[in-house]
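Structural description and commentary
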Number of protein chains: 2
Amino acid sequence: MLSKSNISLLQSLQHKKFRREHGLFLVEGYKSVTEFINSAYQIEAVYHTAAIAPKMLKLSQKMNFQEISSAILEKISALKTPADIIAVVKIPQWPVLNYTTLNKKFSIVLDGIQDPGNMGTIIRTADWFGIENIICSEDCVEVYNPKVVQATMGSLSRINVHYVDLENVLSETKLPVYGALLDGENIYSTDFGSEGLVVMGNEGKGLTEKVKQLVTKAITIPGAGNAESLNVAIATAIFCSEINRNKLK
Amino acid sequence: MLSKSNISLLQSLQHKKFRREHGLFLVEGYKSVTEFINSAYQIEAVYHTAAIAPKMLKLSQKMNFQEISSAILEKISALKTPADIIAVVKIPQWPVLNYTTLNKKFSIVLDGIQDPGNMGTIIRTADWFGIENIICSEDCVEVYNPKVVQATMGSLSRINVHYVDLENVLSETKLPVYGALLDGENIYSTDFGSEGLVVMGNEGKGLTEKVKQLVTKAITIPGAGNAESLNVAIATAIFCSEINRNKLK
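Remember, predicted model here, so these are calculated numbers, not experimental data.

Attention now goes to the domain arrangement of chain A. Residues and elements named next belong to chain A. Here the domain parsing of chain A yields domain 1 (4-90) and domain 2 (99-248). Computed from C-alpha atoms alone, the centre-to-centre distance between domain 1 and domain 2 is 30 Å. With 14 residues of domain 1 at the interface, the matching set in domain 2 holds 12 residues. Three residues stand out in domain 1 for area buried against domain 2, namely R19, E35 and Y41, and they jointly supply 34% of the buried area on that side. At the boundary of domain 1 and domain 2, one finds 2 salt bridges. Here E142 makes a salt bridge to R19, at a shortest N to O gap of 2.5 Å. Where domain 1 touches domain 2, the interface holds 5 residue pairs in polar contact (both at pLDDT 80 or more). At the level of secondary structure, the elements contributing two or more residues to the side of domain 1 that touches domain 2 comprise α2 (16-22), β1 (24-28) and α3 (30-37). In terms of residue count, α3 provides more of the side of domain 1 that touches domain 2 than any other element does, 4 residues in total. When grouped by side-chain class, the residues that make up the side of domain 1 that touches domain 2 number 7 nonpolar, 3 polar and 4 charged.

Residues and elements named next belong to chain B. Overall, parallel pairing links the 6 strands, which are arranged β7-β6-β5-β9-β8-β10 in an open sheet. The sheet is open, and its two edges are formed by β7 (160-164) and β10 (217-220), each paired on a single side. With direction set aside, neighbouring strand axes in the sheet form an average angle of 35 degrees.

As a further point, take the state of the cysteines. Enumeration according to the criterion identifies 0 disulfides over all chains in this entry. The thiol sulfur of C136 of chain A is not disulfide-bonded, and the nearest other cysteine sulfur, from C140 of chain A, lies at 4.3 Å.

Each packed pair of helices is defined by two parameters, the angle between the axes and the distance between the axes. Residue and element names in this part refer to chain A. As a packed pair, helix α6 (residues 116-128) and helix α10 (residues 232-248) sit with axes 9 Å apart at the nearest point and diverge in direction by 15 degrees. Overall, the two elements α6 and α10 adopt an arrangement that is roughly parallel. Every pair of crossing elements has a handedness; the one defined by α6 and α10 is right-handed. Packed against α6, whose contacting residues are N118, T121, I122 and T125, the element α10 presents V232, A233, T236 and A237 at the interface.

Calculation rules
Residues numbered from 1 in each chain as written. Chains lettered and ligands numbered in written order. Predicted model: local features only at pLDDT ≥ 70, side-chain atom pairs only at ≥ 80, totals over all residues. Heavy atoms only, no water. Domains from an automatic or database assignment. Contact = heavy atoms within 4.5 Å. Buried area = accessible area lost by both parts, 1.4 Å probe. Salt bridge = Lys/Arg side-chain N within 4 Å of Asp/Glu carboxyl O. Polar contact = N/O pair within 3.5 Å; in protein donor to acceptor, adjacent residues only side chain to side chain. Helix = DSSP H or I, 4+ residues; strand = E, 2+ residues; numbered from the N terminus. Nonpolar A, V, L, I, M, F, W, Y, C, P; charged D, E, K, R; others polar. Pairing = 2+ DSSP bridges. Axes fitted to C-alpha atoms, helices over the stretch in contact; angles between N-to-C directions. Disulfide = S-S within 2.5 Å. Parallel < 35°, antiparallel > 145°, perpendicular 65-115°, else oblique. Left-handed = near helix turned anticlockwise from the far one by under 90°.

Here you go:
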């Protein structure tokens, strides 16, 4: 049984303030929970309903599993349609970003991404294309937000997300800094080489002026000129796909 | 002034049943409203707050503009953060899909897309890449859903969306039918030619069995093999981008 105070602690994790305070976040759904169990993340507890009990046997027996009623699970859940299983996961202490870990690969840099769905989709897309590191400005939406976690479909368990001062990182790196801008080089004729940072800007405002100054190669996705812009997760995916195509050549 | 019965009619347009009944839907936000005014859609009315009144002068004076209080506008709005302006737009009677209009171009075919954000993003992406027609199975989310309209960022005003029996269309067309499947030809080495249909499946279940049978070319986006799948709007965008790259060669 979960005590009332436990339930309210878990409910409080829907809010960033309390996630910070307790150093915990929630992962919902069998697939995502399984991927977090099989990752380096530390799992504090797993709550599930009777409906999913038979599937629980397949998971590691070392975990602290607790069966609870659907009514209680719904109370804890941050989702409109709660899953049958919720894990309470420790927010990791990321090591300080070591610039040399960014060498010989591509990383995504996000400048003020606000929408949790976009952030989650970018993490899932990065995972698909084998990108390991996402570097976020401090004002990006927090990745432990339940909507971000849900949109990553488990990929958050495999991607390193760093919140940093972007100006510092971009001014000190020797890697090429590719920026999605409107009047850059055509992405289809760009040779991305074997390493670099791909910088994507805020949904409404694009790149901040300071970050724009640190872009070394402005790149454009050519379109038919009807829509004013592409969604930022879509633009990120097209960059990832072009880099992937380059690698496979 | 808006009467009480008018307000409740406008509020009812948040639900598909009443959109069908009245043949109307809502478009919110200055940019989107402007694009619908400049399109072939018929605008029934435009409601705006005093805050946006100066900008209204730039718009066509033939429209039926009405200034209302922010409190009333908030009541009508389907958005969490209401904009300053809402248009009431007629749902068009789309002409029956004429197969020959699909020749010599690419169209997107959607098989059971459920998420309004995905649908909206696909429409916006299609518009960016100059794709004119989107053909939806009858169980796809309705494009006049406020969340779809918002996610299209005005692009809905320029794209023809047809709801049809997909089996009919796909079995009668002579165009190549490209399907996003896991064990198909590598998308990076596919020659898409100059016309075709690109079929994308439901978020959880992918393509229905019947539609899968009608795919003539299975295509795969190669990844690093970590994430189990890509989000459907992301996969659609990568197809659009590859087709665009082919065209520009």
